[in-house]
Amino acid sequence: MMIDVPDDKDPIAYVWGEMVPGIGVAAAQFSMSVYDHSTLGLREFEAARLRIAQINGCLFCLDWRTERDGEEKVEESFADAVTEWRTTDAFDERTRLAAEYAERYALDHHGLDEEFWQRMTAHYSQTEIVELSMGIGSWLAFGRLNHVLGLDAVCVLPKP
């Protein structure tokens, strides 16, 4: 880990909440809002989120699975399908586009051309595109932050 965290402190809570409370608390609220207020279907949400986790290499994000209504999650094989988003038969077009958009947003945002946007707008409303864009931006920024600082290696998933 790149940041010194007192032994009696949770690394995420300390770095995000105590070290820079004016920034970290607001960032955490934005991050949680992406989950709490999403109107996207779980599969397209998770396809984009997991693709960013794969690109970022964030260990915590790779282990995380978003729940809906306290129990709904994607199937165990979903992460492998995200890796193979171009060829998997496990995805409908919206889910495939979510994974593609996440990858291109993270790796080649200048290459988002008219052909891509025509496909995207055929399957997503403008509101959904903005929501997905904000989610991808959140996961890209905060997953990278946690990975770069080494926080992802010391985070633990909450107990059910």
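Every chain's residues receive numbers from 1 upward, in the order its sequence appears when written. Thresholds applied to this predicted model are a pLDDT of at least 70 for local features of residues and 80 or more for the giving and counting of side-chain atom pairs; totals over whole chains, interfaces and linings are not thresholded and use all residues. Only hydrogens and water are set aside; all other atoms, that is, all heavy atoms of the structure, feed into the side-chain values.

The helix and strand labels rest on DSSP assignments: H or I over at least four residues marks a helix, E over at least two residues marks a strand, and numbering proceeds from the N terminus. In this structure, Val154 sits in the segment after helix 8 (126–148). Remark: exposure states derive from per-residue accessible area (1.4 Å probe, protein chains only) relative to the maximum for the residue type, with buried under 20%, exposed over 50%, and partly exposed in between. Overall, the relative accessible area of 35% leaves Val154 in the partly exposed class. Once residues within four sequence positions are removed from consideration, Val154 is found in contact with Met1 and Pro11. Contacts between residues were defined by any pair of non-hydrogen atoms, one from each residue, lying within 4.5 Å.

Among the secondary structure elements, Ser31 is positioned in helix 2 (residues 21–36). A relative accessible area of 16% means that Ser31 is categorised as buried. Aside from chain neighbours lying at most four places away, what touches Ser31 is Ser138 and Phe142.

Next up on the list: the packing of aromatic side chains. Aromatic ring pairs: the centre-centre distance and the angle between the two ring planes describe each pair. Geometry of aromatic contacts follows a simple scheme: Phe, Tyr and Trp rings, the Trp one being its six-membered ring, pair when their centres are within 6.5 Å, and the pair is stacked under 30 degrees between planes, edge-to-face over 60, tilted otherwise. Evaluated as defined, the whole model comprises 12 aromatic pairs. On the numbers, 5.6 Å between centres and 70° between planes, the contact of Tyr101 with Trp117 is edge-to-face. In this pair, Tyr101 sits in helix 6 (residues 93–107) while Trp117 sits in helix 7 (residues 114–123), placing the two residues 16 residues apart along the sequence. Using a relative accessible area of 4% as the deciding quantity, one classes Tyr101 as buried. Three or more aromatic residues link up through ring pairs in this structure, and these residues are Tyr35, Phe45, Phe60, Trp64 and Trp139. Criterion for a charge above a ring: Lys NZ or Arg CZ within 6 Å of the ring centre, and within 35 degrees of the ring normal. Its guanidinium or amino end placed over the ring of Tyr124, Arg94 lies 4.1 Å from that ring's centre, counting from NZ or CZ.

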